Amino acid sequence: MSDAVPHRSHALALLPDKGVPNLLFLLFHGAGADATQMRPLAQALRGQYPQAAVLALSGPEAYDLIPGGGSGLQWYSLDGANDENHARRVADALPDFIALIRAWTAHFELPWQQVALGGFSQGAVLALEAVQAELALAGRVMAFGGAYATLPEHAPQEVSVHLLHGQQDGVLPYQDQIHAARRLVALGADVTADVLPDIGHELHPELIERALHQLRTFVPARLWRAALQAAEEQGLKAPLQ
C-alpha cells in the first residue's frame, strides 16, 4: 500500500486480518449523521468479503440544518436547498468527493474496477453522481435511499449500479429511483433496483442483505456478452464431429 494517506480522516476502517486488500469499499453517510451510520453495512461487507478494505468516511462539514451544526456532518449544505439549486450544490461538491475516492484507491493501490461505493441518502446521491461524472472511478455503486440530482443522460461506463430503497421512504420517494432505473436500462447501463415494503428512509438490514445478494449474484451485461462471444468463438474452432 502507498504511504500517502488521504488528508480527510475516516471514522471506521475494517481491514483484512492478514495480507493486502483485494477489494475496496468506500461508504458515505447521510446528512446529519456521521460515518458510524454506515457500520451495519461495513460489518456485513466485512463478513462477506474478509479480504476487502471497508472504510466509512466522514463528511467534511458540520450539518447546517441544526443551529451550531449539532454532532452531525454533511457532504454539502441542505440549508435553503430546493429543486432549483440542489443539482448545483451536488456538482460543486463532486470534485472533492471524487478526489477523496481517488486518494483512497491510490492508497490501497487497487485498480478502479475493484473499488465499490456505498452511500445512504446524501452519500448515495454523491456516489451515483460521481460515477456519472467521472470515468474509471469505481466498478460498483450501492445507493441506499438515494436519488440522482439530475436524471442520467448516459450510462456510467463499466459500472454496476444497485439502487436500494424502502417503499415507505418519505424523504426521497422510491418512484424517482424507479424512473431513473428505467432510464439507465434504456441507456444500456448495468443496473438493479430493489424496493422493499414497510421500510422507510433508513439503512435497513433487509436492504443491506439485498445489496449483498446483488454483489454476489449480479453479472454485468458486458461480461455476459464476452462469455457468449468466447463460447461462439470456441464453437467455431471446435473440430467437426
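Below: a short report on this structure. Just so it is clear, the model here is predicted, and its values are computed rather than measured.

Here the focus is the pairing of strand β3 (residues 52–57). Among the 6 residues that make up β3, 6 are buried, leaving the element largely enclosed by the rest of the structure. Because side chains alternate across β3, one face comprises the buried residues Ala 52, Val 54 and Ala 56, and the other comprises Ala 53, Leu 55 and Leu 57, equally buried. Strand direction decides the pairing type here: strand β2 (residues 23–28) and β3, joined by 6 bridges, are parallel. Paired with Leu 27 across the two strands is Ala 56, which belongs to β3. Crossover β2 to β3 through helix α1 (residues 39–48) is right-handed.

Let us look at helix α4 (residues 174–186). Counted at 1.5 Å a residue, the expected span for α4 with its 13 residues is 18 Å, and the 19 Å between its end C-alpha atoms agrees. Where α4 is concerned, the buried positions are Tyr 174, Gln 177, Ala 180, Ala 181 and Leu 184. Buried positions in α4, seen along its axis, are confined to an arc of 115° and lie on one side of it. Turned more than 90 degrees from where α4 packs its buried face, Arg 182 and Ala 186 sit exposed. Considering only its buried residues, α4 is in contact with α3 (122–133), β8 (160–166) and β9 (190–196).

The residue Ser 121 is not glycine, and still its phi comes out positive at about 55°. If you trace the backbone, Ser 121 turns up in the loop between β6 (115–120) and α3. Judged by its relative accessible area of 12%, Ser 121 falls in the buried class. You will see that Glu 158, though not glycine, has its phi angle at about 55°, which is positive. In this structure, Glu 158 sits in the loop between β7 (140–144) and β8.

The final tally for this structure, using the stated rule, is 5 salt bridges. Notably, a salt bridge pairs Glu 134 with Arg 102, separated by 3.1 Å at the nearest N-O pair. In this pair, Glu 134 is assigned in the loop between α3 and β7 and Arg 102 in helix α2 (residues 86–108), connecting sequence segments 32 residues apart. Residue class for Glu 134 comes out partly exposed when judged on its relative accessible area of 27%.

What follows covers the nonpolar core. Core analysis: the biggest nonpolar cluster contains 40 residues, and Leu 24, Leu 26, Phe 28 and Leu 117 have the highest contact counts within it. Secondary-structure elements contributing two or more residues to this core are β2, β3, α2, β6, α3, β7, β8 and α4. For this core, the element with the highest residue contribution is α2, accounting for 9 residues. The contact partners of Phe 28, leaving out residues within four places of it in the chain, are Met 38, Leu 57, Trp 75, Phe 97, Leu 100, Ile 101, Leu 117, Gly 118, Gly 119, Phe 120 and Gly 123. Of all hydrophobic cores here, the second largest spans 27 residues; its members include Leu 27, Met 38, Ala 52 and Leu 215.

Taken as a whole and judged by the stated rule, the model has 5 aromatic pairs. Ring centres 4.5 Å apart and planes at 50° place the aromatic pair Phe 28 and Phe 97 in the tilted group. One end of the pair, Phe 28, is in strand β2; the other, Phe 97, is in helix α2, with 69 residues separating them in the sequence. Each member of the pair, Phe 28 as well as Phe 97, is classed as buried. Ring plane angle 90° and centroid distance 5.6 Å describe the contact between Trp 75 and Phe 97, whose orientation is recorded as edge-to-face. In this pair, Trp 75 is assigned in the loop between β5 (73–74) and α2 and Phe 97 in helix α2, connecting sequence segments 22 residues apart.

This part takes up the environment of Gln 113. Within the secondary structure, Gln 113 is located in the loop between α2 and β6. Residue Gln 113 is classed as partly exposed on the basis of its relative accessible area of 46%. Sequence spacing of Gln 113 and Ala 136 is 23 residues, and the spatial spacing of their C-alpha atoms is 7.4 Å.

Contact pair α1 / helix α5 (residues 205–217): the axes reach a minimum separation of 10 Å and the direction vectors enclose 35°. The hand of the α1/α5 crossing is right-handed. Only Ile 208, Leu 212, Leu 215 and Arg 216 of α5 make contact with α1, whose side of the interface consists of Pro 40, Leu 41, Ala 44, Leu 45 and Gln 48. Residues belonging to the contact of α1 with α5 are distributed by class as follows: 7 nonpolar, 1 polar and 1 charged.

Basis of the calculations
Residues numbered from 1 in each chain as written. Predicted model: local features only at pLDDT ≥ 70, side-chain atom pairs only at ≥ 80, totals over all residues. Heavy atoms only, no water. Buried < 20%, exposed > 50% of the residue type's maximum accessible area, 1.4 Å probe, protein only. Helix = DSSP H or I, 4+ residues; strand = E, 2+ residues; numbered from the N terminus. Pairing = 2+ DSSP bridges. Right-handed = clockwise from strand over helix to strand, strands pointing away. Expected span 1.5 Å × (residues − 1). Arc of directions from axis to C-beta. Contact = heavy atoms within 4.5 Å. Salt bridge = Lys/Arg side-chain N within 4 Å of Asp/Glu carboxyl O. Core = buried A, V, L, I, M, F, W, Y, C linked by side-chain atoms within 4.5 Å. Phe/Tyr/Trp six-rings, centres within 6.5 Å; stacked < 30°, edge-to-face > 60°. Axes fitted to C-alpha atoms, helices over the stretch in contact; angles between N-to-C directions. Left-handed = near helix turned anticlockwise from the far one by under 90°. Nonpolar A, V, L, I, M, F, W, Y, C, P; charged D, E, K, R; others polar.

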